[in-house]
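# Structural characterization, general
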Amino acid sequence: LEKSSPGFALLGTAGSGKTTAFRYLALQAARGRTVKGKRRIPIYLAVSELDPAMSLNATCIRLLTSLGFDPADRILQVLQRTGQLMLLVDGLDETSDSHQKALVKELKEMQSQFDLSQVCLSGRHHSLSLGLEGFTKWETLPMSFPSRLEFIDKWFSVVNPAKGHQLVKQSSERPELLDLGSSPLLLSIVCALFSNDLDIPSDIDELFERSVHGMLGGWDAFRAIARTSPLQELSIRKRTILVSALAYYLFVDGKVAFRIGDAEDVRKAFRDNTAIPDVSFDTEAIITTLANDFGILVERA
């Protein structure tokens, strides 16, 4: 934040910690920690909980009114004009495309009009790939191995410290056990399985199964988020069948990294396989949603 323009945009994959980071920032600001030398009043808004019919400004006014501030609209104007407002809009990708565009337009206008205030926006890469004048973009990165060990230690500190030390010891001796734990979400799955007395080395298949389930919709379902995507009508089981077939037909040809054109080659195999759900198979749309909405594929340059 200290190194950014008044507009701060955080990009990241599913479960990379964007929401946790924004809640932490809001809490720090509420406790009086300064941002660029100024104390600011934080307003945290989760996009998935917003009313698409209401503007961000109206939502902030309604929130202040519910907290007993009067007149809420005048108070909000003063906070915006003097730069004492820190607005955190979390999860731009967790709503419809039309609502996303309306939110971005309003945020850009707000940032332009009240350039002393701090506006923070988070979302997945595709939702923030558009131009955002006045916003500095930052990206979450995969966790380093030392960070993964530190995460395990903290995760178990309030659950079972001894078991946490045991997992840290095993992971230090066999780093490949944490290959999947590149994000807080996936590493949490590893910790949860180990906490339930499942020995990760012998049950690595369950680790993969839980991770795939989480990425293909379990994480969204847990947070009651419904995405608009070509796969929205399919259950997690059917999405898994689809992804498994895609993986099989590509991997037997040695294509761990592939182009959309390579995936186009498996269209006939999908249609001939009765186990594959009957979907309108637009290759580019399917591959894009698996990367952008579900994070089970990673786009490379």
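Sequence order as written defines residue numbering, which begins from 1 separately in each chain. Given that this is a predicted model, residues contribute local features only at a pLDDT of at least 70 and side-chain atom pairs are listed and counted only at 80 or more, while totals for whole chains, interfaces and linings are drawn from all residues. The side-chain values count all of the structure's non-hydrogen atoms but skip hydrogen atoms and water molecules.

Turning our eyes to something else, we now look at the overall build of the protein chain. Secondary structure elements are defined from DSSP: runs of H or I of at least 4 residues count as helices, runs of E of at least 2 residues count as strands, and each element is numbered from the N terminus. Looking only at helices and strands, the protein chain has 12 helices and 5 strands in total. Viewed in the frame of its principal axes, the protein chain has a C-alpha envelope of about 65 × 50 × 35 Å. Considering the protein chain as a whole, with its 301 residues, one finds that 42% of them fall into the buried category. Contacts are assigned to residue pairs with any non-hydrogen atoms lying within 4.5 Å of each other. Counted over contacts in the protein chain with a minimum sequence separation of 6, partners at least 24 positions apart contribute 70%. Areas reported as accessible are Shrake-Rupley estimates using a 1.4 Å probe. Residue values count occlusion only from the protein chains shown. If you sum the accessible surface of the protein chain, you get close to 16500 Å²; carbon and sulfur atoms cover 54% of it. A distance of 6 Å separates the average location of the 34 positive side-chain charges in the protein chain from that of its 37 negative side-chain charges. Burial classification: accessible surface area is computed with a 1.4 Å probe over protein chains only, and a residue below 20% of its type maximum counts as buried, one above 50% as exposed, and the rest as partly exposed. In this count, Lys and Arg are taken as positive residues and Asp and Glu as negative ones, while His and the chain termini are left out. The location of each charge is read from NZ of Lys, CZ of Arg, CG of Asp or CD of Glu.

This brings us to the packing of helix 2 (residues 56–66) against helix 3 (residues 72–82). For helices, the axis comes from a line fit to the C-alpha atoms of the stretch in contact; other axes are also lines fit to C-alpha atoms, and the angle between any two N-to-C directions lies between 0 and 180 degrees. Axis separation between helix 2 and helix 3 bottoms out at 9 Å; the angle between their running directions is 115°. With respect to the hand of their crossing, helix 2 and helix 3 are arranged in right-handed fashion. Taking contact as the criterion, the partners of N57, C60, I61, L64 and T65 in helix 2 are, on helix 3, A72, D73, L76 and Q80. Split by residue class, the contact of helix 2 with helix 3 holds 5 nonpolar, 3 polar and 1 charged. Here a crossing is taken to be left-handed if its near helix is turned anticlockwise relative to the far helix by less than a right angle, and right-handed if that turn runs clockwise. Residues are grouped as follows: nonpolar covers Ala, Val, Leu, Ile, Met, Phe, Trp, Tyr, Cys and Pro; charged covers Asp, Glu, Lys and Arg; every other residue, Gly included, is treated as polar.

Any pair of Phe, Tyr and Trp rings, taking the six-membered ring for Trp, is counted once the centres come within 6.5 Å. Such a pair is stacked with planes under 30 degrees apart, edge-to-face with planes over 60 apart, and tilted for the rest. All told, the structure shown has 4 aromatic pairs when counted by the stated rule. Aromatic pair F8 and F22: ring centres 6.4 Å apart, planes at 35°, arrangement tilted. One end of the pair, F8, is in strand 1 (residues 7–11); the other, F22, is in helix 1 (residues 18–30), with 14 residues separating them in the sequence. Residue F22 is classed as buried on the basis of its relative accessible area of 0%. Aromatic side chains Y248 and Y249 sit 5.1 Å apart centroid to centroid with 75° between the ring planes, which places their arrangement in the edge-to-face category. Through pairs of rings, three or more aromatic residues link up here, namely W155, F156 and F194.

Moving on to the packing of helix 5 (residues 145–156) against helix 6 (residues 161–173). To characterise two packed helices, one gives the angle between the axes of the helices and the distance between these axes. In the contact formed by helix 5 and helix 6, the axes pass within 7 Å of each other and the chain directions differ by 160°. Classed by the angle they form, the pair helix 5 and helix 6 counts as roughly antiparallel. In this structure, helix 5 crosses over helix 6, and the sense of that crossing is right-handed. Packed against helix 5, whose contacting residues are F145, L149, I152, D153 and F156, the element helix 6 presents P161, K163, G164, H165, L167, V168, S171 and S172 at the interface. Here the residues of the contact of helix 5 with helix 6 are counted per class, giving 7 nonpolar, 4 polar and 2 charged. An angle counts as roughly parallel when it lies under 35 degrees, as roughly antiparallel when it exceeds 145, as roughly perpendicular when it falls between 65 and 115, and as oblique in every other case.

What follows covers the sheet that holds strand 1. Whether parallel or antiparallel, the strands of a sheet pair through hydrogen bonds between backbone atoms. One requirement defines pairing of two strands: DSSP has to find at least two bridges between them. What the 5 strands build is an open sheet, ordered 2-3-4-1-5; its pairing is parallel. For this open sheet the edge positions go to strand 2 (41–46) and strand 5 (135–139), each flanked by a neighbour on one side alone. Neighbour to neighbour, the strand axes of the sheet diverge by 15° on average, direction disregarded. Of the strand pairs in this sheet, strand 1 and strand 5 are connected by 5 bridges, and their pairing is parallel. Within strand 5, the position partnered with A9 by the bridge is K137. Against the sheet, helix 1 makes contact with strand 1, strand 2, strand 3 (85–90) and strand 4 (118–123), and its axis sits at roughly 165° relative to strand 3, the strand it touches most. Across the sheet, helix 2 lies against strand 2 and strand 3, angled at about 115° from strand 2, the strand it touches most.

Once that is clear, we can look at the confidence of the model for the protein chain. Here the protein chain averages 85 in pLDDT, while 91% of its residues score no lower than 70. Element-level pLDDT for the protein chain is lowest in helix 11 (residues 267–272), with a mean of 62, against a maximum mean of 96 in strand 2. The score called pLDDT rates the predictor's confidence residue by residue, from a low of 0 to a high of 100.

This paragraph deals with the pattern of salt bridges. Any carboxyl oxygen of Asp or Glu within 4 Å of a side-chain nitrogen of Lys or Arg constitutes a salt bridge here. Summed over all chains, the structure comprises 6 salt bridges. With a closest N to O distance of 3.4 Å, E150 and K154 form a salt bridge. Highlighted residues: E150 and K154, both in helix 5, separated by 4 residues, approximately one helical turn. Here R259 ties to D262 by a salt bridge, and the two come within 3.6 Å at their closest N and O atoms.

With the exception of glycine, most residues fall at negative phi, and the peptide bonds are largely trans. Following D70, the chain continues to P71 via a peptide bond in cis, the omega torsion being -5°. In this fold, P71 is placed in the loop between helix 2 and helix 3. Positive phi, normally seen in glycine, also occurs at K36, with a value near 55°. Note on placement: K36 falls in the loop between helix 1 and strand 2. Residue K36 is classed as partly exposed on the basis of its relative accessible area of 31%.

Okay, a nonpolar patch on the surface next. Each patch is assembled from residues with relative accessible area greater than 30% and no salt bridge, linking like charges that lie within 9 Å and nonpolar side chains (Val, Leu, Ile, Met, Phe, Trp, Tyr) that lie within 5 Å. Judged by side-chain polarity, L63, L67 and F69 come together as a nonpolar surface patch covering roughly 280 Å² of accessible area. With respect to the secondary-structure elements, L63 resides in helix 2.

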